[in-house]
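Residue strings, one per chain:
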Amino acid sequence: MAQSAGNPSINKRKREPLIPINGPLRQTVDAIFIIIGSFIMALSFNLFFLPNHIASGGVSGLSVLAQSWLGIEPAFTQWALNIPLFVLGFWLLGRDYGIRSLLGSVILPLFVFLTKDWPIPTSNPLLASIYGGIGVGIGMGLVYRGRGSTGGLTIVAQLLQKYSGLTFSLCVVLLDAIVISSAALVLSLEQALYALIGLYVTGKVIDAIELGFSFTKVAYIISDHNEPITKAILEDLDRGLTKLTAEGGYTGEHRTVLMVVVGQSEIPRLKTVVQSVDPNAFVIISNAHEVLGEGFRNIKA
């Protein structure tokens, strides 16, 4: 049970979402995200990963191996793998998943083909693994924001999850491990290590794109002086807060936990306010990657 004590300056009128969850406008925005994200992924692949022989997982990694081993154009390898995997996903995972994967599965290899002759900025494999990972992560994050997929081994991971009972993340790790192990055999162990760096950077950037770059913090305050702390936060800090009902694990006593969301620059003021009222207050401060809703648009970083 939670009781909210809102900021008096907040307009309480219910707001409609700027873009409906479904409908033509939402679908158009999703398609734009998928197209832009696929272009950034293709460009990062051609500028960084491919010329430096970095096979950092997925179908794109397999296409690097196919080019190095068999001389096959990467875009053709990606189409050859993506299209049957898309059909398999459409058949086994359902129509909705198939439709969300169609655009990315087709357009990503197309952009790879169209940007294949762009000049490369570096031949340093370490720089390539880092900046390639950043670019692919940004592109994939945008595709996910568009509720889409670029197909490939993501579909295989979904199928493994469905029929093996393993978690999706573990299935992805296993598939990427197979690709990178193959890179160690086809290319070299050093190239496989660079691929691991690229894969790690990609994952971190995807998280940042999906969760946002917010510097917002959330603080939980446990004190015997809740009312004066509440008043100080509302009046001195000009922030709303929420009162959470909790129970002590050892004593079993019911007590109130104050939850307040603030900007990073407001943390020192919050600690000063709390300590001035109760020096013995227990305060937990953690990151809030993204905060949505009324009253949070003006939080300062």
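Analysis parameters
Residues numbered from 1 in each chain as written. Predicted model: local features only at pLDDT ≥ 70, side-chain atom pairs only at ≥ 80, totals over all residues. Heavy atoms only, no water. UniProt positions renumbered as here; feature names shortened; annotations may be inferred. Helix = DSSP H or I, 4+ residues; strand = E, 2+ residues; numbered from the N terminus. Expected span 1.5 Å × (residues − 1). Buried < 20%, exposed > 50% of the residue type's maximum accessible area, 1.4 Å probe, protein only. Axes fitted to C-alpha atoms, helices over the stretch in contact; angles between N-to-C directions. Parallel < 35°, antiparallel > 145°, perpendicular 65-115°, else oblique. Left-handed = near helix turned anticlockwise from the far one by under 90°. Contact = heavy atoms within 4.5 Å. Nonpolar A, V, L, I, M, F, W, Y, C, P; charged D, E, K, R; others polar. pLDDT = per-residue confidence, 0-100.

Under an unreviewed UniProt entry, the protein has the name DUF2179 domain-containing protein and belongs to Paenibacillus vortex V453. Recorded in UniProt for the protein, the comment headed Subcellular location (unreviewed entry) runs: "Cell membrane".

Concerning unusual backbone geometry
Despite not being glycine, histidine 53 shows a phi value in the positive range, around 55°. Residue arginine 147 is not a glycine yet carries a positive backbone phi of 55°. Structurally, arginine 147 can be placed in the loop between α5 (125-145) and α6 (153-164).

Some thoughts on α6
When the terminal C-alpha atoms of α6 are compared, their 16 Å separation across 12 residues agrees well with the 16 Å that a helix rising 1.5 Å per residue should span. Three or more residues of α6 are buried, namely Leu153, Ile155, Ala157 and Leu159. Of the residues flanking the end of α6, it is glycine 165, one or two places downstream, whose phi is positive at about 85°.

Notes on the packing of helix α2 (residues 58-70) against helix α7 (residues 168-186)
Taken N-terminus to C-terminus, the directions of α2 and α7 make an angle of 20°; their axes are 9 Å apart at the nearest point. In terms of orientation, α2 lies roughly parallel with respect to α7. The handedness of the crossing between α2 and α7 comes out as left-handed. Contacts between α2 and α7 involve Gly58, Gly61, Leu62, Leu65 and Trp69 on the former and, on the latter, Asp176, Val179, Ser182, Ala183 and Val186. Tallied by class, the residues present in the contact of α2 with α7 amount to 6 nonpolar, 3 polar and 1 charged.

Side note on the confidence of the model for the protein
Mean pLDDT for the protein: 83, with 85% of residues reaching 70 or above. Of all helices and strands in the protein, the one with the weakest mean pLDDT is strand β1 (residues 2-5) (46), whereas α5 scores best (92). A low-confidence stretch, residues 1-14 stays under pLDDT 50, and its non-local contacts, those more than four residues away or across chains, total 25 contacts.

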